[in-house]
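Commentary on secondary and tertiary structure
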Amino acid sequence: MYTYNIFNDMIKLRTLFDDFFDQKPGYEASREFPPVRIKEADDKITINALVPGIPTENIDIQLADDSLVISGEKKDDYENHPYIRKERLFGEFKKTIRLPYRVKHDEIKADLANGILTISLSKSEDAKPKKIEIN
Amino acid sequence: MMTETNSKNITENRKVFHTPLADIFATEDIYSVKLEVPGVTKENLNVVIEDDELKITAESSIEENENDLKYADFSVKNFSRTFRVGNDIDRNRIDAKLENGILTLTLHKSEEVKPKKIAINQVN
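Residues numbered from 1 in each chain as written. Chains lettered and ligands numbered in written order. Predicted model: local features only at pLDDT ≥ 70, side-chain atom pairs only at ≥ 80, totals over all residues.

1. Points about the overall build of chain A
- A tally of helices and strands in chain A yields one helix and eight strands.
- Element order for chain A, N to C, with α for helix and β for strand: α-β-β-β-β-β-β-β-β.
- Computed over C-alpha atoms, the radius of gyration of chain A comes to 23 Å, more than 25% over the 14 Å expected from 2.2 N^0.38 for 135 residues, which places it beyond the range of a compact globule.
- For chain A, the spread of C-alpha atoms along the three principal axes comes to 85 × 50 × 25 Å.
- Within chain A, buried positions represent 20% of all 135 residues.
- In chain A, once contacts between residues fewer than 6 apart in sequence are set aside, the share between residues at least 24 apart is 50%. (Helix = DSSP H or I, 4+ residues; strand = E, 2+ residues; numbered from the N terminus. Rg over C-alpha atoms; globule rule 2.2 N^0.38 Å. Buried ≥ 20, exposed ≤ 12 C-beta atoms within 10 Å, placed from the backbone. Contact = placed C-beta atoms within 7 Å.)

Okay, structure coming up:
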């Protein structure tokens, strides 16, 4: 049986306000594309970038000194029909990520799966502390 | 309005969902909906049509390990979006395709609403 409780409406109103502030686009469009997450542990850096709908040939990853540059183009996939809604953004992009230390140039791995680019980097030997023997 | 009866669940299980960006176009036969859902796999994607609502919910497959995180433009969140659909949709004919973080839904229009050419019989 349902009994009316005045607080239910207040909770519903609160939920409505919470949802308004919580439910935002998957990422903020004003930020530099692509949005990334950087993790660092045990001399290894993992970068996750959101690149939905971009094939591997349109993404370019470059390592310059201690910076990683992700660039490319997100080409539109519009079809020749009247659109009801156009929210997705397209265009060229370039993002430079300054790495905390030099990385091994020959141990860089980049995987693309489900619209997420995962770049794995490992710390270069000459960036590690080195003990110097005293004669 | 006293329409909601399961009020005890109001505050429980509140997950934060992101609204995926969408492009929608219509032709004579179909509606095509394209949504950006990076990190979503076929297994954790749900597309349900109920009453006059098409609901898409998806859980991200990125693992959350906050200890090692140094920087983040986005947080691992789940996607949810609901579209209101009219009676012109054939509910049994909805195709879904998930490719490289893009979900494409094709909603076929029902036969009754399609433009139909009426043949004229010649009577002598």
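2. Considerations on the sheet that holds strand β1 (residues 17-18) of chain B
All names here are of chain B.
- Spatially, the four strands line up as an open sheet ordered β1-β7-β5-β4, and their pairing is mixed. A strand with exactly one partner marks an edge of an open sheet, and here the two such strands are β1 and β4 (45-50).
- Looking at chain direction, strand β5 (residues 53-58) and strand β7 (residues 78-84) are connected through six bridges and run antiparallel. Counted as the bridge partner of Leu54 is Phe83 from β7. (Pairing = 2+ DSSP bridges.)

3. Some remarks on the sheet that holds strand β6 (residues 91-98) of chain A
Residue and element names in this part refer to chain A.
- Here we have three strands laid out as an open sheet, ordered β3-β4-β6, and antiparallel in their pairing. One side of each edge strand has no neighbouring strand; the edge strands of this open sheet are β3 (59-64) and β6. Across the sheet, the axes of successive neighbouring strands diverge by a mean angle of 15°, strand direction being ignored.
- Relative to strand β4 (residues 67-74), β3 runs antiparallel, the two being bridged by six bridges. Its bridge partner being in β4, Ala64 is matched across the sheet by Ser67. (Axes fitted to C-alpha atoms, helices over the stretch in contact; angles between N-to-C directions.)

4. Comments concerning the nonpolar core
- By size, the foremost hydrophobic cluster in this structure holds 16 residues, and its most contacted members are Ile45(A), Ile47(A), Ala49(A), Leu50(A), Val51(A) and Leu117(A).
- Breaking this core down by element, the ones donating at least two residues are β1 (36-41), β2 (44-50), β4 and β8 (116-122) of chain A.
- The contact partners of Ile45(A), leaving out residues within four places of it in the chain, are Ile38(A), Glu40(A), Leu99(A), Val103(A) and Leu121(A).
- The next biggest cluster of nonpolar side chains, apart from the first, holds 13 residues, and it includes Val33(B), Leu54(B), Ile56(B) and Ala58(B). (Core = buried A, V, L, I, M, F, W, Y, C linked by C-beta atoms within 7 Å.)

5. Brief notes about the environment of Leu89(A)
All names here are of chain A.
- Tracing the backbone shows Leu89 in the loop between β5 (83-86) and β6.
- The exposed category is assigned to Leu89, around which 12 C-beta atoms lie within 10 Å.
- Residues Leu89 and Lys74 lie 15 residues apart in sequence; the distance between their C-alpha atoms is 8.3 Å.

6. Topic: unusual backbone geometry
- Cis rather than trans, the peptide bond between Phe33(A) and Pro34(A) has omega equal to -5°.
- One non-glycine residue with positive phi stands out, namely Asp65(A), at about 55°.
- You can see Asp65(A) is positioned in the loop between β3 and β4.
- The phi angle at Asp51(B) is positive, at roughly 50°, despite the residue not being glycine.
- Its place among the elements puts Asp51(B) in the loop between β4 and β5.

7. Digging into the environment of Asn78(B)
Residues and elements named next belong to chain B.
- Mapped onto the fold, Asn78 is located in strand β7.
- Judged by local crowding, Asn78 falls into the partly exposed class, with 16 C-beta atoms found within 10 Å.
- Distance from Asn78 to Ala58, taken between C-alpha atoms, is 5.8 Å for residues 20 residues apart in sequence.

8. Thoughts on the pairing of β5(B)
All names here are of chain B.
- Residues Leu54, Ile56 and Ala58 line the buried face of β5, whereas the alternating positions Glu53, Lys55 and Thr57 sit on a face that is not buried.
- Where β4 lies against β5, six bridges are found, and the strand directions are antiparallel. Bridge pairing links Val47 to Ile56 in β5.
- Between β4 and β5, which pair antiparallel one after the other, the connecting turn spans two residues, and Asp51 there sits at a positive phi close to 50°.

9. Some thoughts on the pairing of strand β3 (residues 30-36) of chain B
All names here are of chain B.
- The element β3 is extensively covered by neighbouring structure, given that five of its seven residues are classed as buried.
- Strand direction decides the pairing type here: strand β2 (residues 22-26) and β3, joined by five bridges, are antiparallel. Among the inter-strand pairings, Ala26 is bridged to a residue of β3, identified as Tyr31.
- Connecting the antiparallel pair β2 and β3 is a turn made up of three residues.

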